[in-house]
Amino acid sequence: SPVLPFTSDHVRSAVEIISAVTLEAGFEPFITLQCMSERSIILVASLHYDRDVPGEDEHGRAWYRALAGRLRAAGYYAYRQSTLALAEEGDGGDAYDDFLRTLKRALDPKGILAPGRYI
């Protein structure tokens, strides 16, 4: 669910990324657009598959990793994530992650809020 500027170029770009990665993985793209304000929009990409099929959970996680990587490379970061997504997000080497670490240290210098969960 990346949040992005509410412009046709950004929406088109993110929808194309989501569609391409999802189709490449053999899934059908399901995309919902949520208008947050006149300045931002959230694209929710849903994944639907049969969890009773062996290997499909890992297939879904591989799709997530590929999609998150492509969206981050384009400058689109998630609005909200699950705990699974938090564990899989990024390699910690970019400016965004550095900023989050700096913010976390400033607001929680003793590391008592959600230790190890977000960073």
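Residues numbered from 1 in each chain as written. Predicted model: local features only at pLDDT ≥ 70, side-chain atom pairs only at ≥ 80, totals over all residues. Heavy atoms only, no water.

## Regarding the pattern of salt bridges
A side chain with one charge may pair with a side chain of the opposite charge, provided their charged atoms come close. Considering all chains together, one arrives at six salt bridges under this definition. Linking Asp57 and Arg51 is a salt bridge whose minimum nitrogen-to-oxygen distance equals 3.0 Å. For Arg51, a relative accessible area of 60% translates into the label exposed. Its salt-bridge partner being Lys104, residue Asp108 comes within 2.4 Å of it at the nearest N-O pair. The exposure class assigned to Asp108 is buried, which follows from its relative accessible area of 7%. Beyond isolated ion pairs, a larger network of salt bridges with shared partners links Glu58, Arg61 and Arg65. (Salt bridge = Lys/Arg side-chain N within 4 Å of Asp/Glu carboxyl O. Buried < 20%, exposed > 50% of the residue type's maximum accessible area, 1.4 Å probe, protein only.)

## Side note on the confidence of the model for the protein
When pLDDT is averaged along the protein, the result is 87; 87% of the residues meet or exceed 70. Mean pLDDT across the elements of the protein bottoms out in helix 3 (residues 83–88) (62) and peaks in helix 1 (residues 8–24) (97). (pLDDT = per-residue confidence, 0-100. Helix = DSSP H or I, 4+ residues; strand = E, 2+ residues; numbered from the N terminus.)

## What about the side chain of Thr22?
Along the chain, Thr22 turns up in helix 1. A relative accessible area of 2% places Thr22 in the buried class. There is a polar contact of 2.9 Å between the side chain of Thr22 and the side chain of Trp63. Not counting chain neighbours up to four residues away, the residues in contact with Thr22 comprise Phe27, Glu28, Pro29 and Trp63. (Polar contact = N/O pair within 3.5 Å; in protein donor to acceptor, adjacent residues only side chain to side chain. Contact = heavy atoms within 4.5 Å.)

## Observations regarding the packing of aromatic side chains
Throughout the structure, instances matching the rule amount to one aromatic pair. Look at Phe27 and Tyr49: their rings are 6.1 Å apart centre to centre, the planes differ by 45 degrees, and that puts the pair in the tilted class. Of the two residues, Phe27 sits in the loop between helix 1 and strand 2 (30–35) while Tyr49 sits in the loop between strand 3 (40–46) and helix 2 (56–73), which places them 22 residues apart along the sequence. For Tyr49, a relative accessible area of 29% gives the class partly exposed. (Phe/Tyr/Trp six-rings, centres within 6.5 Å; stacked < 30°, edge-to-face > 60°.)

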